[in-house]
Amino acid sequence: MNDFETIGKSVNKIDALALATGQPVFTDDISFPNTLQIKLLYSPHAHAIIEDIDTSEAEKLPGVKMILTYKNTPQVLHTTAGQGWPEPSPYDTCMFNSKVRYVGDRVAAVIAESEEIASSALKLIKVKYNALPHIFDAEEAMKDGATVIHDEKGISGVYDSKRNLVAHVEVRAGNLEKGFEQSDIIVENTFETQYAQHCPIEPHVALSYLDDYGRIIIRTSTQVPFHVRRIVAQSLDIPVQQIRVIKPRIGGGFGVKQEIILEEICAYVTLKTGRPARILYSREEEFISARTRHPMKITVKIGAKKDGMFNAIKMYALSNTGAYGTHGLTVVSNAGSKTLPLYNKAPNVEFIADVVYTNLPVAGAYRGYGATQGYASLEQAIDILAEKLNMDPVELRKKNHIRKGETSPIFQALGEGREGVTQHVQSEVIDKLIELGTKEISWHEKWRQKKRTGSKVRGVGMSLHMQGSGIPLVDMGAASIKLNEDGSVNLLYGGTDIGTGLDTVAAQIVGETLGIKPEQVIIYASDTDMTPFDVGAYASSGTFISGGAVLNASLKVRDQIIEVAKEMFGEFNSNEFILKDGKVTSPRSSKSVTISEIAYQTLYVKNHHQIMAINSFVSPYSPPPFAANFVEVEVDEDTGIVTPIKYVAVVDCGVAINPELAKGQVIGAVVNGIGYALTEDYKFGDNGKMLNPNFMEYRIPSSRDIPEIVPIFVETYEPTGPYGAKSVAEIGINGPIPSIGNAIYDAVGIRLHSTPYTPMKVLKALEERR
């Protein structure tokens, strides 16, 4: 690391100044004259057939340009999930449907000269509904005789629509029945996680217009510009070449913008009118009609020997995908694939999962992507087992976790909605993570000590985690690099920086490889016309996949620069050259030439050619980052309030290319997870309508709610990643639920079995314990 010039250094975020000074860098920061405004009408029913829509009065309103419904829009079944083709999510929706499946399902769109006119016109639309029985409970939805939510013709990719079953997963290794028979102690834990929203400060927004050649340009706040292009083309039944998608800076994504929700409507309006069109979600719409986390009910059963060695693990996950099946199969698969391999000492493993339609808001991708829910149950089951064994939960995990050179049959058997790949862990780091975490939280001094001050009691808890780095043999990124006269380079790549700092990391990779400063890298990203392909920002793929592509392109350019230097030095048989400080130096002769001089040589002097390269990266592996999380909480037995006091996240992300950005990702994920653990929850009325779609009643952590958070990095080197890097963005969100849950038990002896850990739940459990 000491030999690196930019890798491992916290260089300034390249867009920091523009963001801090309020430059017009976001989707809605630009506008066009003559832009049409779009407003949506939503269903007040959880389940109903639209028998008739009368838009005549609304169409008479001055300034209304057109109104869209299922009657006059393409009825092309598709998925809104921004995933690689062929998408593992069902084709179960159209732009507008004749049947609504939750309160908030869209019914019509008014296109008008202003937002005010469009909003007024919405009130004039008359809709006749035939209300149908609704189902809000996932277990009820699977029962015989339950109302069928998706009975439309042509639906595909659904496991059993008659039972509302979007997906079913079964994976086994070893002999589970024999494993439990041979276990000395068996524990079982059922845990339920709730609906939650991503809460990006910038809601969904899209702007579309025609270029000079009649092509549709979509400027949108998205994590997946290339998937937007493909799916919009599919849903509008037009060629991909007719669409260009541009991603500007993004005001938060966290998975909710790995979805194609508004872009097809915007594009269709521009296609029909020839005019620019704009649609912007309100905060209420973001809560109700964007996407949420999949609520899950997960049961974990563990059998172990008296010495603590795991002998069998069984996990069953029931996932509520809401009204449409977007990301249903892949999220629930991750509940097993990102958790069970961590404890590979168990020879007998079973993972079974069901994903079910209900008449509630649509779930989708959310940071952690199923692993969050899986660890919520698994890591608390391990603490329950540790107590039965009278063993320190830290020591129990140390006995059973995966180690360097080891694998798990789950890696190969269970991928994201498909068979996985065989891979072996490359780092021996988990014990070190645990060691540093226990020291920082003073585990051995505080565990089981129940420090009390009046009605307030403190306890500590911990949990262990792994995630992944992209989807192996699926996720691909590409990059191109061009050398300029002054030694700067243009980097065009498809990687999608959604606020994570990926563009900065990409500049550091280029700078390190070519021996130039990161500020000499001119980046243009995420434009489907101008940049090479990339799957986008999801599955913790940014640094590993997109960065891998940038590294591969950089190495090609480096080789070309060296070939020119050889000719200029007359050292044709040497391969020992140093690229540093904007120069190429020969150790043999001590000759040097600036990279700028090499650019002038090739562009103007001799053997004229442009030094440039394009390259791609796809990995057969998804190297897991690891994390050990520790927390101290204070539980007030009079009020039931749970207050985190200190949170420690010890992380192995390989080489942190930019430590400060990595630190920000860990802290942000932990805060995100604390909100999910303690306060965030959807409240529904009897008809399935969300009752708290605002930040006054849906409580995300504010600055005063955040405890002391201590991120600690343990550096390892991942040989398959760019400069040894693995992912870091998602893993931090998985720790708060189980860590806080275990700490509550350590403090006051109650085990809560659902989130959020509200004061009412705490008080009820305390009363039951008494």
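Higher on the page you've got the structure.
Participant: Quick question: what am I supposed to make of the overall build of the chain here?
Facilitator: Assigned secondary structure in the chain consists of 20 helices and 27 strands. Along the three orthogonal principal directions, the C-alpha set of the chain runs to about 85 × 75 × 50 Å. Per-residue burial over the chain gives 63% buried out of 770 residues. At a minimum sequence separation of 6, the contacts of the chain that also span at least 24 residues come to 80%. Split by element, the accessible area of the chain, about 28,500 Å² in all, is 51% carbon and sulfur. In the chain, 78 positive and 91 negative side-chain charges are present, and the distance between their average locations comes to 2 Å.

Participant: Sorry if this is basic, but what is going on with the nonpolar core here?
Facilitator: Soluble globular proteins tend to bury their nonpolar side chains together. Counting residues in each nonpolar core, the largest one holds 68 residues, and the members touching the most others are Ile302, Phe310, Leu342, Phe351, Leu385, Phe626 and Phe630. Considering every element that reaches this core, the biggest residue donor is helix H10 (residues 371-388), with eight residues. Those residues within four positions of Phe630 in sequence are excluded, and the remaining contacts are Val394, Leu433, Ile434, Gly437, Thr438, Ile441, Trp443, Gly461, Met462, Lys646, Tyr647 and Val648. Core analysis: the second largest hydrophobic core is formed by 56 residues, Leu40, Tyr70, Val228 and Ile261 among them.

Participant: Would you mind showing me how to read the packing of aromatic side chains here?
Facilitator: Aromatic rings in a pair are described by how distant their centres are and how their planes are angled relative to each other. Taken as a whole, this structure holds 17 aromatic pairs when the rule is applied. Judged by centre distance (5.4 Å) and plane angle (85°), the ring pair of Phe4 and Tyr723 falls under edge-to-face. With Phe4 in the segment before helix H1 (16-20) and Tyr723 in the loop between strand S27 (708-713) and helix H19 (736-748), the pair connects residues that are 719 residues apart, well separated along the chain. With 6.0 Å between their ring centres and 25° between their planes, Phe569 and Phe577 make a pair best called stacked. Assessed through its relative accessible area of 8%, Phe569 is described here as buried.

Participant: Explain the side chain of Ser289 here, please?
Facilitator: In this structure, Ser289 sits in helix H8 (residues 283-289). Look at Ser289 and you get buried, because its relative accessible area is 4%. Within the structure, Ser289 has its side chain in polar contact with the backbone oxygen of Gly104 (distance 2.8 Å). Apart from residues lying up to four places away in sequence, Ser289 is in contact with Tyr42, Tyr102, Gly104, Ile261 and Tyr281.

Participant: Which parts of the structure should I look at to understand the side chain of Thr220?
Facilitator: In this fold, Thr220 is placed in strand S10 (residues 216-220). Thr220 gets classed as buried once you look at its relative accessible area, which sits at 1%. Polar contacts involving the side chain of Thr220 include one to the main-chain carbonyl oxygen of Val205, which spans 3.5 Å. Contact partners of Thr220, with chain neighbours within four places excluded, come to Thr27, Val205, Ala206, Val245, Ile246, Lys247, Pro248, Ile250 and Glu263.

Participant: Sorry, what's going on with the pairing of strand S14 (residues 310-322) here?
Facilitator: The side chains of a regular strand alternate, residue by residue, between the two faces of the sheet. Within S14, eleven of the 13 residues are buried, which leaves it mostly tucked inside the rest of the structure. Bridge analysis of strand S13 (residues 296-304) against S14 gives nine bridges, and the strand direction is antiparallel. Bridge pairing in S14 places Lys297 opposite Leu318. Counting the residues that bridge the hairpin from S13 to S14 gives five residues, and of these Gly308 lies at a positive phi of roughly 100°.

Participant: Would you explain the pattern of salt bridges in this entry?
Facilitator: Close approach of charged atoms lets side chains of opposite charge pair. Inspection of the entire model under this criterion finds 44 salt bridges. Two residues, Glu115 and Lys39, come together in a salt bridge whose shortest N-O distance is 3.4 Å. Of this pair, Glu115 sits in helix H3 (residues 115-122) while Lys39 sits in strand S1 (residues 36-42), and the two are 76 residues apart along the sequence. Given the relative accessible area of 28%, Glu115 is considered partly exposed. When its relative accessible area of 17% is taken as the criterion, Lys39 is described as buried. What emerges from the salt-bridge pattern is a single network uniting Lys13, Asp15, Arg249, Asp497 and Asp503.

Participant: It is not clear to me how unusual backbone geometry should be interpreted in this structure. Could you clarify?
Facilitator: Most of the time, phi is negative for any residue but glycine, and the peptide bond is trans. Following Trp85, the chain continues to Pro86 via a peptide bond in cis, the omega torsion being -5°. Its location among the elements puts Pro86 in the loop between strand S3 (64-68) and strand S4 (99-100). Note that the residue after Thr755, namely Pro756, is joined by a cis bond; omega there is 0°. With respect to the helices, strands and loops of the structure, Pro756 is situated in the loop between H19 and helix H20 (759-769).

Criteria and thresholds
- Residues numbered from 1 in each chain as written.
- Predicted model: local features only at pLDDT ≥ 70, side-chain atom pairs only at ≥ 80, totals over all residues.
- Heavy atoms only, no water.
- Helix = DSSP H or I, 4+ residues; strand = E, 2+ residues; numbered from the N terminus.
- Buried < 20%, exposed > 50% of the residue type's maximum accessible area, 1.4 Å probe, protein only.
- Contact = heavy atoms within 4.5 Å.
- Areas by Shrake-Rupley, 256 points an atom, 1.4 Å probe, with all protein chains shown as cover.
- Lys, Arg positive; Asp, Glu negative; His and termini not counted.
- Charge placed at Lys NZ, Arg CZ, Asp CG, Glu CD.
- Core = buried A, V, L, I, M, F, W, Y, C linked by side-chain atoms within 4.5 Å.
- Phe/Tyr/Trp six-rings, centres within 6.5 Å; stacked < 30°, edge-to-face > 60°.
- Polar contact = N/O pair within 3.5 Å; in protein donor to acceptor, adjacent residues only side chain to side chain.
- Pairing = 2+ DSSP bridges.
- Salt bridge = Lys/Arg side-chain N within 4 Å of Asp/Glu carboxyl O.

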